[in-house]
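Structural overview
These are the residues of each chain, in order.
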Amino acid sequence: MLQLFNTLTRRVEPFQPIHPPQVRMYVCGMTVYDHCHLGHGRMLVNFDVLYRWLQASGYTVTYVRNITDIDDKIIDRAAQQGEPIEQLTGRMIAAMHQDLAQLAVLPPTHEPRATEHVAGMLALIATLEAKNLAYQGLNGDVYYSVRDFPGYGKLSGKTLEDLRAGERVARDAFKRDPLDFVLWKSAKPGEPQWPSPWGPGRPGWHIECSAMSECFLGEHFDIHGGGHDLQFPHHENEIAQSEGAHGHAFVNVWMHNGFLRVNDEKMSKSLGNFFTLRDIFQRFHPEVVRFFLLRGHYRSPLNYTDGHLEDARQGLNTLYTALRDLKEAASEGGEDDVWSCAAGQAFKAALDDDLNTPEAVAVLFGLAHEAHRGTRVARRHLVRLAAVLGLLQHDPSVWFEDGAGLIVDRADGDRDRIEALIAQRQAARDTRDFATADQIRQALLAEGIVLEDKAGTTQWRRA
RNA sequence: CGCCAGAUGGCAGAGUGACGAUGCGACGGUCUGCAAAACCGUUCAACGCCGGUUUGACUCCGGCUCUGGCGUCCA
């Protein structure tokens, strides 16, 4: 049975959907003012694995991942670039979809945009105001009154006193309490705005997720996820909004993934130490990146360096080598149930244990070794299990000829040239002219191409 | 200052109250014309520090040190 770590209880607990076999999950997605970086990729891949694993476990999953397409940073960026907001967000959304497709991240069931749900947000704010949980300040902004919501702080494990003690809370003369947060921002000249009972303006950041999750998943659903930095204040505020408005539980399981780090610092746009996915994809195959991310547990910090990506690439190549070398064995043997074999059970146990992907990956290596030692079904099981993680779905021969996980420059006709050299070398070998044969091997090796002689033929791959 | 998380072998990274995950790298062997891949073996291997509980602790408890995150936009 699946067990998940719940931020709300700080424990790993059995996962029990509210309405099995349905599972409803919501994940906070991207704010689209820039390209996705590797940290975003980690979050998106982690929840993609959860999505896949829930489905593989027999659940019918409704997965909602929102897009924030209106906020300060978007407005600033658009202004800075002299670009209309919708053009900027449209561009970034298209880019994100490309990046995610490359990473083999499945599209969610719904991918709502904040700007399409302003009506729902206004309805929610009205409810909060009617319940005296929201008030309008003299500046026209509508605030959430934190002190009037009893459970405030339960997700982040903080009390209002703890929070007030922090000196980093900005003073705002229009708030009743420094911790109150904005639900509706009154319109400023030149900014996008929508009409509302409180005057024209635009939504605060947190309200969109309360409105959109309710729209697609209802007032009470199973799983809500996001990056660890969203735990406070974003998710805490979502709870305040949704539970405040509806008077009952909002989300059963809260999940937060750990950060990707660079030089032991969080990778973030603010720190400017980020690598965009597309930058990395210039050098490494996206599957290497996915594999790298899955080798660590989603809640642990993961440190990025080029060297670690290279390690991951070598490991992935070990798996692809098993697929390539044992290609013919694949079609042999009848159908059987992967989940009943030892590897399948171990794999399932690993993912059921709070998505222990490193352990699951270890099972994959075990299968690769078994396959090499002659276990007939091992290769098929390897492919089947890896698919659950979104791995090993490329043709192994193409994988190795394309670059074996690296992005390499290839000239047109490269392949023909290589094949021709291999033929030449073979001719030399036939006359036992090993000096010439080795010379050709060395020449190809110098450009990163490794020749492997086996069973009377020679195959090649990129190193 | 408050709250939270973490400290594992050359590197990455799981896990467990007693039995040496896994990967990468390195070394030796088998195989090969030579290689590569694979297989076999080695790396005499590690659990931040100090106490405690226990027959037994890397694992549980307490303290300490250090690191990171959150408390402000952030996946």
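Reading the values: rules and limits
- Residues numbered from 1 in each chain as written.
- Chains lettered and ligands numbered in written order.
- Predicted model: local features only at pLDDT ≥ 70, side-chain atom pairs only at ≥ 80, totals over all residues.
- Heavy atoms only, no water.
- Helix = DSSP H or I, 4+ residues; strand = E, 2+ residues; numbered from the N terminus.
- Expected span 1.5 Å × (residues − 1).
- Buried < 20%, exposed > 50% of the residue type's maximum accessible area, 1.4 Å probe, protein only.
- Pairing = 2+ DSSP bridges.
- Axes fitted to C-alpha atoms, helices over the stretch in contact; angles between N-to-C directions.
- Contact = heavy atoms within 4.5 Å.
- Polar contact = N/O pair within 3.5 Å; in protein donor to acceptor, adjacent residues only side chain to side chain.
- Salt bridge = Lys/Arg side-chain N within 4 Å of Asp/Glu carboxyl O.
- Core = buried A, V, L, I, M, F, W, Y, C linked by side-chain atoms within 4.5 Å.

**Re helix α7 (residues 231-246)**
Across its 16 residues, α7 extends 21 Å between first and last C-alpha, which sits within 8% of the 22 Å expected from 1.5 Å per residue. Counting buried positions along α7 yields 14 of 16 residues, so the element is predominantly enclosed.

**Describing the sheet that holds strand β6 (residues 142-144)**
The strand order β5-β6-β7-β8 describes an open sheet built from 4 strands, whose pairing is antiparallel. Taken across any chain shown, the strands that pair with only one partner, and hence form the sheet edges, are β5 (134-136) and β8 (201-203). With strand direction ignored, the average angle separating the axes of adjacent strands in the sheet is 20 degrees. Where β6 lies against strand β7 (residues 181-186), 3 bridges are found, and the strand directions are antiparallel. Its bridge partner being in β7, Tyr144 is matched across the sheet by Phe181. Together, β5, β6, β7 and β8 form the strand contacts of helix α4 (residues 118-130), whose direction differs from that of β7 by roughly 120 degrees.

**A few points about the side chain of Glu452**
Here Glu452 lies in strand β14 (residues 449-454). Assessed through its relative accessible area of 16%, Glu452 is described here as buried. Polar side-chain contacts of Glu452 include one of 2.8 Å to the side chain of Arg324. In this structure the side chain of Glu452 is engaged in a polar contact, spanning 2.5 Å, whose partner is the side chain of Arg461.

**Digging into the sheet that holds strand β10 (residues 251-257)**
In space, the 4 strands of this open sheet follow the order β4-β3-β9-β10, with parallel pairing throughout. Of all strands in the sheet, those bounded by a partner on one side alone are β4 (60-65) and β10. Shown here is a sheet whose adjacent strand axes are inclined to one another by a mean of 20 degrees, direction ignored. As judged from the 3 bridges shared by strand β3 (residues 22-27) and strand β9 (residues 221-227), these two strands associate in the parallel manner. In the sheet register, Tyr26 faces β9, and the bridge partner there is His224.

**Observations regarding helix α1 (residues 38-56)**
Taking 1.5 Å per residue, 19 residues should reach 27 Å; α1 reaches 26 Å between its end C-alpha atoms and fits that length. The element α1 is extensively covered by neighbouring structure, given that 17 of its 19 residues are classed as buried. Just beyond α1, the residue with positive phi is Gly58, at close to 100 degrees.

**Focus on the pattern of salt bridges**
For side chains of opposite charge, pairing can occur when their charged atoms come near one another. As enumerated under the stated definition, the model contains 30 salt bridges in all. Notably, a salt bridge pairs Arg65 with Glu111, separated by 3.0 Å at the nearest N-O pair. Highlighted residues: Arg65 in strand β4 and Glu111 in the loop between α3 (85-102) and α4, separated in sequence by 46 residues. Residues Glu452 and Arg324 are paired through a salt bridge, measuring 2.8 Å at the closest nitrogen-oxygen approach. One end of the pair, Glu452, is in strand β14; the other, Arg324, is in helix α10 (residues 306-325), and 128 residues separate them in sequence. Here the two residues Glu452 and Arg324 agree in accessibility, since each one is buried.

**Some details on the nonpolar core**
What tends to happen in soluble globular proteins is that the nonpolar side chains get buried as a cluster. Judged by nonpolar contacts, the single largest core of 85 residues is most densely connected at Leu38, Ile223, Phe347 and Leu389. If you tally residues by element for this core, the top one is α1, at 10 residues. Setting aside residues no more than four positions away along its own chain, Ile223 makes contact with Leu4, Phe15, Val23, Arg24, Met25, Tyr26, Leu50, Leu54, Val251, Val253 and Met255. If you look at the next biggest cluster of nonpolar residues, it comprises 40 residues, including Cys28, Leu179, Phe221 and Ile239.

On their own, these measurements won't tell you what the molecule is for.
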